[in-house]
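These are the residues of each chain, in order.
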Amino acid sequence: MTLEEFSVLSLKAKNAIPVTAQCTVFAESEVIALVGEGKAPEEIAAGIQMAVAKRCFIMAKKAGAINSITLTGGCAKNEGLKKAIEKVLKTKVIELAVDPQLMGALGAAEFARKKGGF
């Protein structure tokens, strides 16, 4: 399924089934087992979003995030993940005016400009 389909699916869940594995290989096995058990796909999708959000929580706190954050890259286009992050971090995810997938490239270009004197 596409990122948009996955995101929409996760937003339909009434409950999120926890995905507890920290390792992506083990998490994949956990998800496959949940699918095999016939668990609701939207609740599995929501569980995946929450697992990623909880990992982001640790990194955001280490980085000193307090009132709001923004996402860059493809994850910024995942509404389900944004909602999960807002729930876990209890903070607002701010939308970027520029395509979030360009932010890494723009940062690298600015770094190169400053380093190389362009």
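Because the structure is a prediction, the values reported are computed rather than measured. (Residues numbered from 1 in each chain as written. Predicted model: local features only at pLDDT ≥ 70, side-chain atom pairs only at ≥ 80, totals over all residues. Heavy atoms only, no water.)

Caption draft 1: The layout of surface pockets, seen in detail. Taken as a whole, the largest pocket spans an internal volume of roughly 430 Å³. It is helix H3 (residues 41-63) that provides the largest number of residues to the lining of the largest pocket, a total of 8 residues. The space that makes up the second largest pocket amounts to roughly 230 Å³. Surrounding the second largest pocket, 13 residues form its lining, Ser10, Ala16, Ala46, Met50 and Lys87 being those nearest its centre. Those elements that provide at least two residues to the lining of the second largest pocket are helix H1 (3-11), H3 and helix H4 (79-89). (1 Å grid on protein atoms, 1.4 Å probe; cavity = no way out; pocket = protein on both sides within 12 Å on 5 of 7 lines; lining within 4 Å. Points joined across faces, edges and corners; volume = space filled by probe spheres on them. Helix = DSSP H or I, 4+ residues; strand = E, 2+ residues; numbered from the N terminus.)

Caption draft 2: Structural detail: the packing of H1 against H4. Contact pair H1 / H4: the axes reach a minimum separation of 7 Å and the direction vectors enclose 45 degrees. Looking at the two axes, H1 sits oblique to H4. Note on element contacts: H4 touches H1 through Glu79, Gly80 and Lys83, opposite Ser7, Ser10 and Leu11. Residues that form the contact of H1 with H4 fall into these classes: 1 nonpolar, 3 polar and 2 charged. (Axes fitted to C-alpha atoms, helices over the stretch in contact; angles between N-to-C directions. Parallel < 35°, antiparallel > 145°, perpendicular 65-115°, else oblique. Contact = heavy atoms within 4.5 Å. Nonpolar A, V, L, I, M, F, W, Y, C, P; charged D, E, K, R; others polar.)

In short, shape yes, function no, at least from these values alone.
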